[in-house]
Every structure is written in structure tokens, then in C-alpha cells.
Amino acid sequence: MAQQFSSQNIKKRTAVLIFLKGSTAPLVLYVDAPQDLYTEVVNLMKSPTAVMIEKETAGPLKKVCFISNQVAAVAMQEEQYIQ
């Protein structure tokens, strides 16, 4: 028998996906302000100067570091989860 969940237990969160050149899977980052991180990475991608980006996150990846000129794409993904 399938367990039913009330709509009160279903929450939404937004992840920032960072696609690195030469990598098949993106970095999936859960942060408190996903729109701010998305905007920051997009602006750094536009910059001709490569910089190191280091972030602490709230998901399975606790700390991540990468170089801005290695970012191929960035995306925001909304997902549902049960709390």
C-alpha cells in the first residue's frame, strides 16, 4: 500500500547547478540565496579575468571551489522534497 503524504509535508527548494567544462555531471549547490549565487556566477563568467570561487553550501556538498573560466553554464532548478 502506497503511503500518502499531506501537502503540508511537501516543500520546495532551489538548487544552483554549475556545469564545468569537461565534466559530465553538474555541481548541485543548495544555498540560502540561490538567485544571488546564480547572478554572481553569471557575472564572473562574463569577466575576462579568471577567479577562484569558493562557497559553503547547505546540501551534501559542504564546501566547493572552482575557477570561473571553467564554468560552461549555470542554471537554477526548483525541486520538491518531503520534510
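Residues numbered from 1 in each chain as written. Predicted model: local features only at pLDDT ≥ 70, side-chain atom pairs only at ≥ 80, totals over all residues. Heavy atoms only, no water.

Enquirer: What is the right way to look at the packing of aromatic side chains in this model?
Expert: The description of two aromatic rings rests on the distance between their centres and on the angle between their planes. With the rule as written, the count across this model stands at zero aromatic pairs. Of note, Arg13 hangs over the ring of Tyr30, and the distance from its end group to the ring centre comes to 4.5 Å. For the cation-ring pair, Arg13 lies above Tyr81, with the distance from its terminal atom to the ring centre recorded as 4.6 Å. (Phe/Tyr/Trp six-rings, centres within 6.5 Å; stacked < 30°, edge-to-face > 60°. Lys NZ or Arg CZ within 6 Å of the ring centre and 35° of its normal.)

Enquirer: Which parts of the structure should I look at to understand the sheet that holds strand S1 (residues 10–20)?
Expert: Think of a sheet as strands paired side by side through backbone hydrogen bonds, with each pair either parallel or antiparallel. Pairing within the open sheet is antiparallel, and its three strands lie in the order S2-S1-S5. Of all the strands in the sheet, just strand S2 (27–29) and strand S5 (71–82) have a single pairing partner and so form its edges. Geometrically, the sheet is characterised by an average inter-axis angle of 30° between neighbouring strands, direction not taken into account. Relative to S2, S1 runs antiparallel, the two being bridged by three bridges. Each residue of the ladder has a partner; that of Leu17, found in S2, is Val28. (Pairing = 2+ DSSP bridges. Helix = DSSP H or I, 4+ residues; strand = E, 2+ residues; numbered from the N terminus. Axes fitted to C-alpha atoms, helices over the stretch in contact; angles between N-to-C directions.)

Enquirer: I would appreciate a short explanation of the pairing of S1 in the present structure.
Expert: Residues in a regular strand point their side chains to alternate faces of the sheet. Bridge analysis of S1 against S5 gives eleven bridges, and the strand direction is antiparallel. Note on S5: the bridge partner recorded for Leu17 is Ala75. Two successive antiparallel strands, S1 and S2, enclose a turn made up of six residues, where Gly22 displays a positive phi of approximately 80°.

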